[in-house]
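Examining the three-dimensional arrangement
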Amino acid sequence: ARVLPKCALIALRESVTGAPLLAELGVPGEKVTVTGDDAIPLARAGAPESLGQGLAVNHRLASYLETDDAETQVIRGAVHAAAFDRGAALIPIPVSEWDDDRPGTARITEGYPLVEHPDAPSAPPQWAIARLDRARLVVTSTYHLAVFALSRGIPAVCVASSDYYRHKFQGLANLFGPGCTVVDLGTPDPATALVSAIDALWESADMLRPGLLAAADRQIALGEAAYARAQELVTPEA
């Protein structure tokens with residue numbers, strides 16, 4: 001509250017929680033801009049012309065996600081049912097080797113008859129992004145796989161069980177619109193909610209794709225403008 005109101009520019013990746021917090025701290029609204037995530041330009045580049053036919057998944061086993069075994073099984077059951085009904089492959093895409101993405105995602109794909117093999121832990125981020133091109137839909141409990149997918153025009157079902165991730169995913173949905181659906185595992189019947197969200201986005205994926213790509217392009221432009229403004233602020237006048 002002492003420092004932030006003195007800043008000339010604050011760029012946020014979402015407006016749902018960050019902007020109200022800054023307002024509460026006394027930061028004037030004209031000093032705040034919302035740009036989206038810095039990973040969007042990387043993921044948006046080279047997006048394919050059409051969607052794939054697989055179901056990409058990621059699930060992290062970390063204390064800050066507050067996901068227990070029962071909730072993991074809810075995700076697994078919904079993903080298996082959706083993929084099996086459509087004859088779709090499951091595409092595991094870990095995005096962090098520092099967290100437990102790999103074992104968590106394996107718990108989601110375990111027992112399904114058609115699972116693509118994940119690449120080696122040493123693979124670069126571009127690998128995860130390229131793998132998405134075989135997917136029609138993503139189901140994820142982690143933020144950045146959703147960012148990657150949405151930026152490439154692939155709808156995402158974002159599964160949240162902690163306030164931390166509810167806030168992150170709600171901010172993402174606010175920027176990308178109806179192609180990003182947040183399912184709260186704390187609701188009375190999360191299994192039904194998750195199945196319904198997967199079904200709805202799978203059926204409407206082609207229709208949602210142009211809007212997702214346009215949202216990514218808007219955020220890229222806002223980010224570029226924010227960096228240009230930052231450069232002006234630190235460049236000495238002639």
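What you see is a predicted model; the values in this text were computed from it and never measured.

You can see Ala1 is positioned in the segment before strand S1 (10-12). Taking the C-alpha atoms as reference points, Ala1 and Thr35, separated by 34 residues in sequence, lie 22 Å from one another.

Moving on: helix H3 (residues 69-86). In a regular helix each residue adds 1.5 Å, so 18 residues correspond to 26 Å; H3 covers 26 Å between its end C-alpha atoms and thus fits that length. All of the buried residues along H3 are Glu71, Thr72, Val74, Ile75, Ala78, Val79, His80, Ala82 and Ala83. Summarising the contacts, the buried residues of H3 are in contact with strand S3 (54-58), strand S4 (90-92), helix H4 (101-109), strand S5 (135-140), strand S6 (156-160) and helix H8 (190-234). Structurally, the start of H3 carries an N-cap: the backbone nitrogen of Ala70 is 3.1 Å from a side-chain oxygen of Asp68. With its phi angle positive at about 60°, Gly87 sits one or two positions after the end of H3.

Turning our attention to the layout of surface pockets. Here the largest pocket defines a volume of roughly 180 Å³. Contributing to the lining of the largest pocket are 14 residues, with Pro94, Val95, Ser96, Ala123 and Pro125 lying nearest its centre. Elements represented by at least two residues in the lining of the largest pocket include exactly helix H5 (125-131) and helix H6 (143-151). The dominant element in the lining of the largest pocket, judged by the number of residues it contributes, is H5, at three residues.

Counting 38 residues, the largest nonpolar core has Ile93, Leu132, Val138, Leu172 and Phe176 as the members making the most contacts within it. Only helix H2 (40-44), H5, S5, H6, S6, helix H7 (163-176) and H8 provide two or more residues apiece to this core. Ranked by residue count, the leading element in this core is H6, at seven residues. Once residues within four sequence positions are removed from consideration, Val138 is found in contact with Leu55, Ala56, Leu132, Leu145, Ala149, Ile154, Pro155, Ala156 and Val157. With 24 residues, the next largest nonpolar core counts Ile75, Ile108, Ile198 and Trp202 among its residues.

Reading guide: rules and limits
- Residues numbered from 1 in each chain as written.
- Predicted model: local features only at pLDDT ≥ 70, side-chain atom pairs only at ≥ 80, totals over all residues.
- Heavy atoms only, no water.
- Helix = DSSP H or I, 4+ residues; strand = E, 2+ residues; numbered from the N terminus.
- Expected span 1.5 Å × (residues − 1).
- Buried < 20%, exposed > 50% of the residue type's maximum accessible area, 1.4 Å probe, protein only.
- Contact = heavy atoms within 4.5 Å.
- Polar contact = N/O pair within 3.5 Å; in protein donor to acceptor, adjacent residues only side chain to side chain.
- 1 Å grid on protein atoms, 1.4 Å probe; cavity = no way out; pocket = protein on both sides within 12 Å on 5 of 7 lines; lining within 4 Å.
- Points joined across faces, edges and corners; volume = space filled by probe spheres on them.
- Core = buried A, V, L, I, M, F, W, Y, C linked by side-chain atoms within 4.5 Å.

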